[in-house]
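Below, each chain spelled out in residue letters.
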Amino acid sequence: MTTTPTPTTDDAPSPPAPAPAQGRGAWSTLRPLVLRLHFYAGVLVAPFLLVAALTGLLYAASFQAEKIVYDHELTVPVGDRELPVSEQVAAARAARPDGEITAVRPSPEPGATTRVLLSGIPGVDPGHTLAVFVDPYTAKVRGELEQYGSTGALPLRTWIDEFHRDLHLGEPGRLYSEFAASWLWVIACGGLVLWFSRRRTQRKLRGTTGRRRTLGLHGGVGAWVALGFVFLSATGLTWSAYAGAHIGDLRTALGQETPAVSAAAGEHAGHGTAGGAGGDAAHGAGLDRVLAAARAEGLDNPVEIVPPADEGSAYVVQQIQRSWPTKQDAVAVDPATGQVTDVLRFEDFPVLAKLTRWGIDLHTGSLFGLVNQIALMLLALCLILLILWGYRMWWQRGRGSAFGRPIPRGAWQQVPPQVLVPLLALVAVLGYFVPLLGIPLAAFLAADIVLGEIAHRRGRRTYGPASR
């Protein structure tokens, strides 16, 4: 939402767009177009970005808040020796005999509880599981909470996560977050280009007042954090509804999808533990032997054990550490023999699969823990301030009496065809892959042209005489 100060005073009206001149550089004709796009995109998209920034700020803080709110369920006094996982699961089953065990997360560190995850529990969201927290030293149940997602989000973080993602409106609500992510990088890059295209003397903040000072704050802070916004935009789009589907299709076409360990069991599959009985060591390998087989393959904590889905499937043990260094190795273990039947190493993931994993984890605050979360909170705070400064500049552009004095129309008509045609082709390609950028942009251009022609016919054209 950066705007260009006038050459005289802050309150002077903006001059009409100049007619094209011989020998003008490409940037001199593009700058008014970038300025107008940045201004209008900022004004119209900013409310969505403000909601995304506020909810993102809350989500980044929710990791630490979760540890405080659910301390009783998450932690226990450190004991002398951990009990076998099968005994811990048996205790959880005694407390919660209903439902089906979908996974077990053994205590990842001294003083942390074991989670036994159950599905099919009445009153629990079908897309969530019920986590039963067990003391690994005494097998006493510490409590139970609803859990969501691969990061093990508990109710507080789950609520904030869904608020950030879709405003608790379900699939229709996801359009808001995808719309914000689709435009954030455009606004950030436009502002960055506009800021550095200004003369150095015009970028100074000290000694300035009024709109120029607001512009200095808006542009200076925006320049420092623009790359962070581009990153948040790109990674946010990877799991969005429409752009995310295109990204997924592209990764599949390039052979860069995320691999999965084969869960097919060996020839003795029908004689072992079946269907998530989990922890019954009297039949088949049992959880303890399965976990020991995974440990022998180098899978240290934290891990998740998924019981066989049916009699022809194996146990899957996967590392679930999203922090650096990322631990995502996985093995399949035959439920009858306890032998490892397949191994998948994170180091063997395709490049784009690794980058996607790291990008999502960095976006959500998991990759570097508390440092990552503080950085995300600072980015969210900067975005909130930039939006407020942007609206203040809009007010000041109207001389403090009314909003809405726009950047003059006709900027696109000043761009030479040899620049405009490739630019339109690039916009068309981007619009296809990122539809919530392309469709609103096309609508904006159409409306702008129609309104300009209406104003022209009424004798109120808002751009220079050379613009047609």
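The structure presented is a predicted model; accordingly, all values stated were derived computationally and were not measured. (Residues numbered from 1 in each chain as written. Predicted model: local features only at pLDDT ≥ 70, side-chain atom pairs only at ≥ 80, totals over all residues. Heavy atoms only, no water.)

Participant: Honestly, the overall build of the protein in this entry has me stumped. Any pointers?
Facilitator: A tally of regular secondary structure across the protein gives twelve helices and eight strands. The proportion of buried residues among the 468 residues of the protein is 47%. Taking all contacts inside the protein whose residues are at least 6 apart in sequence as the whole, residues at least 24 apart take part in 65%. For the protein, the computed accessible surface area is about 22,600 Å², with 64% contributed by carbon and sulfur atoms. (Helix = DSSP H or I, 4+ residues; strand = E, 2+ residues; numbered from the N terminus. Buried < 20%, exposed > 50% of the residue type's maximum accessible area, 1.4 Å probe, protein only. Contact = heavy atoms within 4.5 Å. Areas by Shrake-Rupley, 256 points an atom, 1.4 Å probe, with all protein chains shown as cover.)

Participant: Sorry if this is basic, but what is going on with the packing of helix H6 (residues 210-237) against helix H9 (residues 351-364) here?
Facilitator: Each packed pair of helices is defined by two parameters, the angle between the axes and the distance between the axes. The geometry of H6 relative to H9 is characterised by a closest axis approach of 9 Å and an angle of 120 degrees between their N-to-C directions. As H6 runs across H9, the sense of the crossing is left-handed. Contacts from Phe-231, Leu-232, Thr-235 and Gly-236 of H6 reach H9 at Gly-359, Leu-362 and His-363. (Axes fitted to C-alpha atoms, helices over the stretch in contact; angles between N-to-C directions. Left-handed = near helix turned anticlockwise from the far one by under 90°.)

Participant: It is not clear to me how the nonpolar core should be interpreted in this structure. Could you clarify?
Facilitator: Soluble globular proteins tend to pack their nonpolar side chains together in the buried interior. With 39 residues, the main nonpolar core has Val-45, Leu-49, Trp-183, Leu-184, Val-225, Phe-229 and Leu-383 as its most contacted residues. Broken down by secondary-structure element, the contributors of at least two residues to this core are helix H1 (26-69), helix H5 (174-197), H6, helix H10 (369-397) and helix H12 (435-457). (Core = buried A, V, L, I, M, F, W, Y, C linked by side-chain atoms within 4.5 Å.)

Participant: Can you walk me through the packing of aromatic side chains in this structure?
Facilitator: Two numbers describe a pair of aromatic rings. These are the distance of the centres and the angle of the planes. Tallied over the entire structure, the rule returns eleven aromatic pairs. Here Phe-48 and Phe-179 contribute two aromatic rings whose centre-to-centre distance is 4.9 Å and whose plane-to-plane angle is 80 degrees, an arrangement assigned as edge-to-face. In this pair, Phe-48 sits in helix H1 while Phe-179 sits in helix H5, placing the two residues 131 residues apart along the sequence. On the numbers, 5.8 Å between centres and 70 degrees between planes, the contact of Phe-346 with Trp-358 is edge-to-face. (Phe/Tyr/Trp six-rings, centres within 6.5 Å; stacked < 30°, edge-to-face > 60°.)

Participant: Any chance you could explain the pattern of salt bridges here in plain terms?
Facilitator: Side-chain pairing between opposite charges can occur once the charged atoms of the two side chains come close. Counted by the stated rule, this structure contains eleven salt bridges. The partner of Arg-345 in a salt bridge is Glu-297, and the shortest N-O contact between them spans 3.3 Å. Note that Arg-345 is positioned in the loop between strand E8 (340-344) and H9 and Glu-297 in the loop between helix H8 (286-296) and strand E5 (303-306), a separation of 48 residues in sequence. Taken together, the shared-partner salt bridges connect Arg-96, Asp-98 and Glu-144 into one network. (Salt bridge = Lys/Arg side-chain N within 4 Å of Asp/Glu carboxyl O.)

Participant: Where do I start with the environment of Thr-55 in this structure?
Facilitator: Here Thr-55 is to be found in helix H1. Ignoring any residue separated from it by four or fewer positions in sequence, one finds Thr-55 in contact with Ile-160, Phe-163, His-164 and Tyr-176. A distance of 3.2 Å separates a polar side-chain atom of Thr-55 from the backbone oxygen of Ala-52. (Polar contact = N/O pair within 3.5 Å; in protein donor to acceptor, adjacent residues only side chain to side chain.)

Participant: Quick question: what am I supposed to make of the environment of Trp-395 here?
Facilitator: Tracing the backbone through its elements, the reader meets Trp-395 in helix H10. On the basis of relative accessible area, Trp-395 is assigned to the partly exposed category, the value being 33%.

Participant: Just checking my understanding: could you explain unusual backbone geometry for this structure?
Facilitator: Most peptide bonds are trans, and most residues other than glycine sit at a negative phi. Here the residue pair Asn-301 and Pro-302 is connected by a cis peptide bond, since its omega of -5 degrees sits within 30 degrees of zero. Along the chain, Pro-302 turns up in the loop between H8 and E5. That bond from Trp-324 to Pro-325 is cis: its omega, -5 degrees, falls within 30 degrees of zero. Within the secondary structure, Pro-325 sits in the loop between strand E6 (315-319) and strand E7 (330-333). Even without being glycine, Ala-139 reaches a positive phi, approximately 65 degrees. As for its position among the elements, Ala-139 is in the loop between strand E3 (129-134) and strand E4 (141-147). In the Ramachandran plot, Leu-167 falls in the positive-phi region, its phi being about 60 degrees despite a non-glycine side chain. Locating Leu-167 in the fold gives a position in the loop between helix H4 (155-166) and H5. Overall, the relative accessible area of 26% leaves Leu-167 in the partly exposed class.

Participant: I tried to follow helix H7 (residues 243-253) on my own but got confused; where do I start?
Facilitator: One turn of an α-helix holds 3.6 residues; hence residues three or four places apart share an orientation. Along H7, the residues that are buried comprise Ala-243, Gly-244 and Arg-251. Burial along H7 is one-sided: seen end-on, the buried residues are contained in an arc of 100 degrees. What points out from H7, more than 90 degrees from its buried face, is the exposed set Asp-249 and Ala-253. Trailing H7 by a residue or two, Gly-255 shows a phi angle of about 70 degrees, which is positive. (Arc of directions from axis to C-beta.)

Participant: Hey, could you run me through the side chain of Arg-357 in this one?
Facilitator: With respect to the helices and strands, the residue Arg-357 is situated in helix H9. If we ignore the near neighbours within four places in the chain, the residues touching Arg-357 are Arg-322, Thr-326, Gln-328 and Phe-346.

Participant: How should I be thinking about the confidence of the model for the protein in this particular structure?
Facilitator: Do not read the predicted coordinates in detail wherever pLDDT is low. Scored by pLDDT, the protein comes out at a mean of 85, with 82% of its residues at no less than 70. Of the regions scoring below 50 in pLDDT, residues 1-23 engages in 59 contacts with residues more than four places distant in sequence or in other chains. Confidence drops under pLDDT 50 across residues 463-468; counting only partners more than four residues distant or on other chains, this segment forms 16 contacts. (pLDDT = per-residue confidence, 0-100.)

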